[in-house]
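Residues per chain, in single letters:
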Amino acid sequence: MTAIGHGHMVKAKSDAALAASRAAAQAGARTDVAIFGEQDVFQDDHGIPLGTMVTIAADSFGTEPSIGILRAATRTRYTLEREDERAGRVRVHFPRIGYVLKATI
């Protein structure tokens, strides 16, 4: 936590938050390792290489999948990159426990 800090809360309306997300995506993303400080960069327990189009869905509730490009798979989580029409390019983080990762066909 020391490496990434606590940040600071800023109250914002939804359009301002979406604009900030778009601006951050255009500025270039840091690697997930830099964000989370994890030492286990890639853990392949699923046979799906980074950069593959995948779906990730909860295994028991709200099972509608999220679709995007697999950008990270560490010991504890998956990271999916996708385009959002309002927020731009975003990376969504999912815990490994309780979620199912599948390559799209």
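What you see is a predicted model, and the numbers here were worked out from it, not measured in a lab. (Residues numbered from 1 in each chain as written. Predicted model: local features only at pLDDT ≥ 70, side-chain atom pairs only at ≥ 80, totals over all residues. Heavy atoms only, no water.)

Enquirer: Lay out the overall build of the protein with the relevant residues and their values.
Expert: Of the regular secondary structure elements, the protein holds 2 helices and 5 strands. If you list the helices and strands of the protein from N to C, you get α-α-β-β-β-β-β. Taken across its 105 residues, the protein has 25% of its residues classed as buried. Sequence-distant contacts, at least 24 apart, represent 46% of the contacts inside the protein between residues at least 6 apart. (Helix = DSSP H or I, 4+ residues; strand = E, 2+ residues; numbered from the N terminus. Buried < 20%, exposed > 50% of the residue type's maximum accessible area, 1.4 Å probe, protein only. Contact = heavy atoms within 4.5 Å.)

Enquirer: If you had to explain the confidence of the model for the protein to someone new, which residues and values would you point to?
Expert: Across the protein, pLDDT averages 81, with 78% of residues at or above 70. Predicted confidence in the protein is weakest over helix α2 (residues 32-36), with a mean pLDDT of 49, and strongest over strand β1 (residues 53-58), with 95. Across residues 31-35 the pLDDT falls below 50, and counting only partners more than four positions away or on other chains, this stretch makes 12 contacts in the model. (pLDDT = per-residue confidence, 0-100.)

Enquirer: Give a detailed account of the pairing of strand β4 (residues 88-95), specifying residues and quantitative values.
Expert: Bridge count between strand β3 (residues 77-84) and β4: 8 bridges; the pairing is antiparallel. Residue pairing for β4: R77 is matched across the bridge by P95. Between β3 and β4, which pair antiparallel in sequence order, lie 3 residues. (Pairing = 2+ DSSP bridges.)

Enquirer: An account of the side chain of E81 is requested, with residue identities and associated values reported.
Expert: Checked against the element boundaries, E81 lands in strand β3. Within the structure, the side chain of E81 is placed 3.1 Å from the side chain of R91, a separation counted as a polar contact. If sequence neighbours within four positions are ignored, E81 has contacts with G68, I69, R71, R89, V90 and R91. (Polar contact = N/O pair within 3.5 Å; in protein donor to acceptor, adjacent residues only side chain to side chain.)

Enquirer: Kindly report on the pattern of salt bridges, identifying the contributing residues and their values.
Expert: Summed over the entire model, instances satisfying the criterion amount to 6 salt bridges. One salt bridge connects R89 with E81, and the closest N-O pair in it is separated by 3.8 Å. A salt bridge links R89 to E83; the nearest nitrogen and oxygen atoms lie 3.2 Å apart. On the basis of relative accessibility, which here comes to 55%, the residue E83 falls in the exposed class. Residues joined in a network through salt bridges with shared partners are R71, E81, E83, R89 and R91. (Salt bridge = Lys/Arg side-chain N within 4 Å of Asp/Glu carboxyl O.)

Enquirer: Go over the sheet that holds strand β2 (residues 66-73), please, and point to the residues and values.
Expert: Across the sheet, which stays open at both edges, the 5 strands sit in the order β4-β3-β2-β1-β5 with antiparallel pairing between neighbours. Of all the strands in the sheet, the pair left with one neighbour each is β4 and β5 (99-103). Direction aside, the axes of adjacent strands within the sheet are offset by 45 degrees on average. (Axes fitted to C-alpha atoms, helices over the stretch in contact; angles between N-to-C directions.)

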